[in-house]
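One letter stands for each residue in the lines below.
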Amino acid sequence: MRLSSLPERSAGRTDAHAAAVDAAQFDALMQRLGPFEDSPQLAVAVSGGADSMALALLAAEWSSGRGGAVVALTVDHGLRPESAAEARQVRRWLAARNIRHHILAWRGGRPTGDVQAAAREARYRLLAQWCARHGILHLLLAHHRDDQAETLMLRLARGTGMDGLAAMAPISHAAFETEDGPVGLRLLRPFLGLPKSALEATLREAGQGWIEDPSNDDPGYGRVRIRRLMPLLAAEGMSPQRLAATAAHIGRARAALEAAVSRLAAEAAALHPAGYLTLRLGPYRTAPAETALRCLARALATIGGTDYPPRFEGLERLHAELVDPAAWNTQRGRTLGGCRIVPVGDTALICREPAAATAEVTLRAGRTVWWDG
């Protein structure tokens with residue numbers, strides 16, 4: 001475990017002398033993420049790094065000033081020998097500042113491949129489950145401008161589309177499958193416009209140390225390799241600030257497109273309580289292709305119960321058939337994304353593909369069950 005209060009300048013950092021974040025600045029950042037209840041109850045995910053420690057301190061001051069409170073949550077993944085000691089150090093630091101803190105341990109077996117993705121999934125599941133059990137609606141995350149720039153570059157390297165290039169959103173609503181059933185939560189990221197150095201400056205000013213995670217310097221991770229390239233990119237005009245601004249521009253375009261998709265869905269799609277959906281093809285066929293494709297993907301993901309839409313090639317083929325009356329009316333039905341799509345007059349009936357449905361589920365009194373998505 002490496003504790004730090006005055007670390008060396010991180011690789012790729014271009015804001016070495018950023019000012020500390022004060023209460024007024026943080027209040028302005030939080031106001032953009034509302035609305036909040038009159039006495040806001042907030043949870044903050046705290047790893048012990050400079051980003052999350054700064055967020056915990058600022059959020060605690062902000063919430064208490066409005067009659068609310070903050071609880072800090074640290075997930076101990078158990079992937080490094082020192083992780084438990086680090087979690088206890090975070091608890092001591094926060095207890096000294098009268099901030100409630102809980103350690104959530106990841107139990108069970110570990111996957112043999114893509115451990116980072118499994119750890120991330122487990123982390124959010126544990127955080128969401130704790131928040132649901134304690135009636136907390138908002139989870140604050142400390143992702144900052146440097147994280148946003150790195151995320152954009154990673155997704156560019158993977159050839160992602162508009163949704164991926166928008167990177168992380170300041171506000172997102174997510175559902176997580178927990179042992180208590182499905183849990184919904186607001187994820188809030190107030191720091192996306194701030195450099196990491198501003199958060200370190202905030203802790204220095206407060207006299208607060210933090211933990212340096214050695215994995216942040218491990219070139220085995222793609223994000224670390226991208227981070228080491230940042231000074232070269234900045235020299236060519238692709239600074240973290242400009243990259244994060246680009247992600248924000250794409251995010252606004254994505255939000256506008258999603259609003260158009262929602263309007264089309266409200267006009268063309270009808271969701272039946274029995275779990276199937278009908279899509280009126282009149283308004284669907286007159287919509288712009290990108291809007292219609294996204295509406296179709298949303299319908300298939302909803303009925304199919306999948307986390308991700310079907311592959312784009314299959315989605316485009318189905319869309320081409322739906323918008324061509326001659327081609328669609330001769331269809332006897334298609335399957336895609338765990339769904340069966342069948343012509344019924346001037347509509348497309350989208351229902352769960354029987355072979356893909358979950359066979360059985362155990363019901364328990366007083367428990368919420370999510371059957372087949």
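This structure is a prediction, so every number in the text was calculated from the model and none was measured. (Residues numbered from 1 in each chain as written. Predicted model: local features only at pLDDT ≥ 70, side-chain atom pairs only at ≥ 80, totals over all residues. Heavy atoms only, no water.)

### Some points on the overall build of the protein chain
At step 1: Looking only at helices and strands, the protein chain features 13 helices and 13 strands.
At step 2: The C-alpha radius of gyration computed for the protein chain amounts to 23 Å, which stays within 12% of the reference 21 Å derived for 373 residues, consistent with globular compactness.
At step 3: Projecting the C-alpha coordinates of the protein chain onto the three principal axes gives extents of approximately 70 × 60 × 45 Å.
At step 4: Sequence-distant contacts in the protein chain: of pairs separated by 6 or more residues, those separated by 24 or more amount to 67%.
At step 5: Only carbon and sulfur atoms are counted for the fraction: they give 53% of the accessible area of the protein chain, which is about 19,200 Å².
At step 6: Between the centroid of the 44 positive side chains of the protein chain and the centroid of its 39 negative side chains there is a distance of 1 Å. (Helix = DSSP H or I, 4+ residues; strand = E, 2+ residues; numbered from the N terminus. Rg over C-alpha atoms; globule rule 2.2 N^0.38 Å. Contact = heavy atoms within 4.5 Å. Areas by Shrake-Rupley, 256 points an atom, 1.4 Å probe, with all protein chains shown as cover. Lys, Arg positive; Asp, Glu negative; His and termini not counted. Charge placed at Lys NZ, Arg CZ, Asp CG, Glu CD.)

### Quick word on the confidence of the model for the protein chain
Detailed reading of the predicted coordinates is not advisable wherever pLDDT falls low.
At step 1: Chain-level statistics for the protein chain give a pLDDT mean of 88 and a share of 94% at 70 or above.
At step 2: Note that pLDDT drops below 50 for residues 5-14; the model gives that stretch 23 contacts with residues more than four away or on any other chain. (pLDDT = per-residue confidence, 0-100.)

### Focus on the packing of aromatic side chains
At step 1: Enumeration over the complete set of coordinates arrives at 3 aromatic pairs.
At step 2: Seen from their ring centres, Phe-26 and Phe-191 are 6.1 Å apart, and the 65 degrees between their planes marks the pair as edge-to-face. One end of the pair, Phe-26, is in helix H1 (residues 23-31); the other, Phe-191, is in the loop between strand S7 (181-188) and helix H7 (196-206), and 165 residues separate them in sequence. Taken as a pair, Phe-26 and Phe-191 share a single burial class, namely buried.
At step 3: Between the aromatic rings of Phe-36 and Trp-62, the centroid separation amounts to 5.3 Å while the plane-to-plane angle is 65 degrees, which identifies the pairing as edge-to-face. Here the residue Phe-36 occupies a position in the loop between H1 and strand S2 (41-45), and Trp-62 occupies one in helix H2 (residues 50-64), the gap between them amounting to 26 residues. A single burial state applies to Phe-36 and to Trp-62, both of which are buried.
At step 4: The ring of Phe-36 has Arg-186 sitting right over it, with the charged end atom 5.9 Å from the ring centre. (Phe/Tyr/Trp six-rings, centres within 6.5 Å; stacked < 30°, edge-to-face > 60°. Buried < 20%, exposed > 50% of the residue type's maximum accessible area, 1.4 Å probe, protein only. Lys NZ or Arg CZ within 6 Å of the ring centre and 35° of its normal.)

### Structural notes on the nonpolar core
At step 1: The biggest cluster of nonpolar side chains holds 35 residues, and the ones touching the most others in it are Phe-26, Met-30, Val-44, Met-53, Leu-94, Leu-140 and Phe-191.
At step 2: Residue assignment for this core shows that the elements contributing at least two residues are H1, S2, H2, strand S3 (69-76), helix H3 (83-95), H7 and strand S8 (210-212).
At step 3: Broken down by element, the residue count for this core peaks at 10 residues, all from H2.
At step 4: Apart from the residues within four sequence positions on either side, Val-44 is in contact with Ser-52, Leu-55, Ala-56, Ala-59, Val-70, Val-71, Ala-72, Leu-73, Leu-139 and Leu-140.
At step 5: Counting residues in each nonpolar core, the second largest holds 26 residues, with Leu-281, Ala-299, Leu-300 and Cys-339 among its members. (Core = buried A, V, L, I, M, F, W, Y, C linked by side-chain atoms within 4.5 Å.)

### Examining the environment of Asp-27
At step 1: Within the element layout of this structure, Asp-27 appears in helix H1.
At step 2: Judged by its relative accessible area of 22%, Asp-27 is partly exposed.
At step 3: Here the alpha-carbon distance between Asp-27 and Ser-63, two residues 36 residues apart in the chain, equals 9.7 Å.
At step 4: Setting aside chain neighbours within four positions, we find Asp-27 in contact with Trp-62 and Arg-66.

### Some thoughts on the packing of helix H11 (residues 289-304) against helix H12 (residues 312-322)
For any two helices packed against each other, one specifies the crossing angle of their axes together with the interaxial distance.
At step 1: Axis separation between H11 and H12 bottoms out at 10 Å; the angle between their running directions is 110 degrees. What the angle tells us is that H11 and H12 run roughly perpendicular. Two packed elements cross with a definite hand, and for H11 against H12 that hand is right-handed. Touching Ala-289, Ala-292, Leu-293, Leu-296, Ala-297 and Leu-300 of H11 are Phe-312, Leu-315, Glu-316, Leu-318, His-319 and Leu-322, all from H12. (Axes fitted to C-alpha atoms, helices over the stretch in contact; angles between N-to-C directions. Parallel < 35°, antiparallel > 145°, perpendicular 65-115°, else oblique. Left-handed = near helix turned anticlockwise from the far one by under 90°.)

### Quick word on the pairing of strand S10 (residues 277-280)
At step 1: Across the two faces of S10 the burial differs, with Leu-277 and Leu-279 buried and Thr-278 and Arg-280 not buried at all.
At step 2: Across 3 bridges, the pairing between strand S9 (residues 269-271) and S10 is antiparallel. Paired with Leu-271 across the strands is Leu-277, a residue of S10.
At step 3: Hairpin connection of S9 to S10: 5 residues between the antiparallel strands, including Gly-275 at a positive phi of 105 degrees.
At step 4: Both S10 and strand S13 (residues 347-352) contribute to a ladder of 4 bridges, which runs antiparallel. Note that in S13 the partner of Arg-280 across the bridge is Thr-347. (Pairing = 2+ DSSP bridges.)

### Details of helix H9 (residues 240-268)
Spacing of three or four residues puts side chains on the same side of an α-helix, whose turn is 3.6 residues.
At step 1: Helix length check: H9, at 29 residues, gives a terminal C-alpha distance of 41 Å against a target of 42 Å (1.5 Å per residue), a fit within 8%.
At step 2: Along H9, the residues classified as buried are Pro-240, Leu-243, Ala-244, Ala-247, Gly-251, Leu-257, Val-261, Leu-264, Ala-265 and Ala-268. (Expected span 1.5 Å × (residues − 1).)

### Re the packing of helix H5 (residues 145-157) against helix H8 (residues 222-235)
At step 1: The contact between H5 and H8 brings their axes to 10 Å, and the two run at 105 degrees. As far as their axial angle goes, H8 and H5 are roughly perpendicular. Residues Asp-147, Ala-149, Glu-150, Thr-151, Met-153 and Leu-154 of H5 lie in contact with H8, whose contacting residues are Gly-222, Arg-223, Ile-226, Arg-227, Met-230 and Leu-233.
At step 2: A per-class count over the contact of H5 with H8 returns 6 nonpolar, 2 polar and 4 charged. (Nonpolar A, V, L, I, M, F, W, Y, C, P; charged D, E, K, R; others polar.)

### A short note on the pattern of salt bridges
At step 1: With the rule as written, the count across this model stands at 13 salt bridges.
At step 2: The partner of Arg-133 in a salt bridge is Asp-180, with the nearest N and O atoms 2.6 Å apart. Taken together, the residues Arg-133 in helix H4 (residues 115-133) and Asp-180 in the loop between strand S6 (171-178) and S7 connect sequence positions 47 residues apart.
At step 3: Overall, the relative accessible area of 47% leaves Arg-133 in the partly exposed class.
At step 4: Residue class for Asp-180 comes out partly exposed when judged on its relative accessible area of 27%.
At step 5: Residue Asp-163 pairs with Arg-294 through a salt bridge whose shortest N-O separation is 3.1 Å. Taken together, the residues span a long stretch of sequence, with Asp-163 in helix H6 (residues 162-165) and Arg-294 in helix H11 at a distance of 131 residues.
At step 6: In the salt-bridge network here, residues are joined through shared partners; they are Asp-163, Glu-258, Glu-290, Arg-294 and Arg-298. (Salt bridge = Lys/Arg side-chain N within 4 Å of Asp/Glu carboxyl O.)

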